[in-house]
Each structure stands twice: as structure tokens, then as C-alpha cells.
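An overview of the molecular structure
For reference, the chains in residue letters:
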Amino acid sequence: MRKRSRRLAAWVMAVGVSVSLTGCGSPEADQASAKGSPAHVGIIFTQAGLGGNSFNDLALEGVKRAARELGITYDQVEPKSVADEEIIQDEMASSGEYDLIICVGDEQVDALNNVASVYTEQHFALLDATSQLPNVASYSCKAQEGSFMVGALAVLAKQEQIDSRLSDGSMIGFIGGVDNPLINEFAAGYRAGALYADPQATVLMDYVGGFNDPTTARTIANTFYEKGADVIFHASGASGMGLFQAAEEKGFIGIGVNLNQNTIAPDFIMASMLKKLDTCAYHAIASVVDGTYTGENQLLGLSDGGVDFTVEGSNIQVPDHVLSRLDEIREGIVNGEIEVPNTLEK
């Protein structure tokens, strides 16, 4: 383990921050070391930490994949507060031992802009947020493309009556956390996908006003259901648990977001739209390993594996012919035949 890694460990342990130093962890890394020093990566999570199949866990999976396939070594740190994030970023950058420092989430942007402005030779990667600094590679996902897929699925499922709980017609719902441009990428894609599958489709939309308010999300979902929307997609963080609770209580169908949420309520969640931060993390590390790193904003969509959807883990059976239709839609998006809007105004 490197000397500075010991210093980092000593500091974070002193202030109660969780750190894992894995510089000597994998057989692949040992083999790479025999050929020459492997790339060494640091990853700083959001204050939410690891556990519960969160964004942080997903980003870590991308780093672990890089360790297996590219032979890199890595250190991981879980800050206990947003204030800790800038201190940890500075500690890692000042050590000079990291080929890449990965920061997860929008909450780290201000701190990273401060630190990266000082350590201009250090390579950084920012996941699910953007920075304009030349030594920060920002990775975001085209949420609208994954949302387009589940919007089309929602309407096709109703058209095909794949479940006895689905009513006639093409009314579906969308619940957002807050009304802002990021969440409206999900909303715009979902609505566009629904209208692609059926130009007469109706998409009800409302916003919770926050990302940790399941009670309000449950109320919105129940209102949508009473109006005839029996497939409802959310992009509302932990508030979405209220949607799933309402689905179980009333007997309608939900669609999860960002991660595979199907197993939360497999009889009531048909699919999940995936925002694949693991792919973003892997891409960032691979660019350092192969020497193609550039501090640019990079958007990953269906063609790059940055977004997707899954029905895995759901007990609601989506017929093969519907999945085949969705494969055709996916191909249309990838080859540019289908243009997916990222705002509700388009």
C-alpha cells in the first residue's frame, strides 16, 4: 500500500469517514504490476454511502469491473457529510498518486470545481453531473432514451393487455421528484415513447416536490389511478416507494427507475429504466488506461450502454413479441431514425 494511502486512511478514520484501500486487491492487479504499475484510481461517493443498491453501489461495480478486466487498483471513500467531500478530494489530489479521481453526484460539483482548479494536472471524472473544467471528464446518461423505452413499453403493455389489471385505452402516468430540467428529461422521453407507440396516448404528469416524500408520491399515484392511468413510471428517488405502495394497495402497475427496482414488488413492478453509472465509471477508467482521457462532457445513451431498461426480476410477464417490438424501437433510436426529445417543449 502506498505511503500516501496510509495517510489518507489515517485522516478519514480520524474523522469517522469510511475508507477502503484496495491497492493490492486483485490477481489481475498483481499481474499488471508485474508488467508495470497499474493505473491507480480513487472514488469518492456521495454522503449517502454504499448499501441498498444505490448510485454509489452502481458506480463501484464499474470500478470493480475495471479492476478485473483492466488490472487497475483503487481506493474508495464514503464521506459522512458534503463538507467532507472537498477535503477528501484535496487529500487525494495532493497525494499525486491517483491516475484518476472519480466523484459521484451533483453534490460534489462545487467542491470539485474548487479542487480541480488547483490541481490542474490531476485527472478527475464526475459521474451524473457536469463540470466545464478541462481536467474533469463529466459523464452523464441520456435518461430520455431509457425513458422512451419504458414509455413505449407502458403503452404496448396496455394495448396487448398483457396483465388482467390493465384497462383499455392508453392512459399512463409519470411522477417526477421535482420540476427541473434533469427530471424532465425522464418525463420528455417517457411521453415521447408513449406517443410513438400510440399517438393518441395520454400521459398524466405531476411532481412530488422532493426526493424523499413517499406519502405525496402515493397520493399522486392514487389520483392518477382513479383517472384511469394503471401504468405509472417514476423519477423521484426514494419518493417512488410511495408509488410502489399504492400499486400494491390498488392493484396497478409501476415502473422503476435508475436501478433494477423490480424485486421491490415483483407482482406490481413491470420494468425498471436503468441509468448505468457502472458503465460511466468503467468508461472513465478505460480512457485513462488506454491514454484517450479528455476532460470533456460525455453523454452515454442506448448505443453506449449508458441507459437501458429491464424486466428481470418482475413476475409480470412481458410477451416476446412485445420485447421484439421494443428491440426494433431501440434500434431506431441507436441508428438515429427515432429522435428522442430531452425537454417537454420539444
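The structure reproduced in this document is the subject of the present report. (Residues numbered from 1 in each chain as written. Predicted model: local features only at pLDDT ≥ 70, side-chain atom pairs only at ≥ 80, totals over all residues. Heavy atoms only, no water.)

Quick look at the side chain of His40
Inspection of the secondary structure puts His40 in strand E2 (residues 40-44). Look at His40 and you get buried, because its relative accessible area is 1%. Side chain to side chain, His40 and Asp75 meet in a polar contact 3.2 Å long. (Helix = DSSP H or I, 4+ residues; strand = E, 2+ residues; numbered from the N terminus. Buried < 20%, exposed > 50% of the residue type's maximum accessible area, 1.4 Å probe, protein only. Polar contact = N/O pair within 3.5 Å; in protein donor to acceptor, adjacent residues only side chain to side chain.)

Some remarks on the environment of Ile329
If you trace the backbone, Ile329 turns up in helix H11 (residues 320-334). Accessibility expressed as a relative area gives 1% for Ile329, which makes it buried. Here Ile329 is in contact with Phe148, Met149, Ala152, Tyr196 and Ile338, once residues within four sequence places are set aside. (Contact = heavy atoms within 4.5 Å.)

Structural notes on the pattern of salt bridges
Evaluation of the coordinates by the stated rule reveals eight salt bridges. Between Arg165 and Asp163 there is a salt bridge, and its shortest N-O distance comes to 2.7 Å. For Arg165, a relative accessible area of 27% corresponds to the partly exposed category. Asp308 is paired through a salt bridge with Arg330; the nearest N and O atoms lie 3.0 Å apart. Here Asp308 is found in strand E13 (residues 307-310), whereas its partner Arg330 is found in helix H11, with 22 residues between them in sequence. (Salt bridge = Lys/Arg side-chain N within 4 Å of Asp/Glu carboxyl O.)

Looking at the packing of aromatic side chains
Under the counting rule described, the total for this entry stands at five aromatic pairs. A ring pair is formed by Tyr190 and Phe233, whose centres lie 5.0 Å apart and whose planes are at 45 degrees; its orientation type is tilted. Taken together, the residues span a long stretch of sequence, with Tyr190 in helix H7 (residues 181-197) and Phe233 in strand E9 (residues 231-235) at a distance of 43 residues. For Tyr190, a relative accessible area of 0% corresponds to the buried category. Residue Phe233 is classed as buried on the basis of its relative accessible area, which comes to 0%. Here the aromatic cluster, defined as three or more aromatic residues joined through ring pairs, consists of Phe174, Tyr190 and Phe233. (Phe/Tyr/Trp six-rings, centres within 6.5 Å; stacked < 30°, edge-to-face > 60°.)

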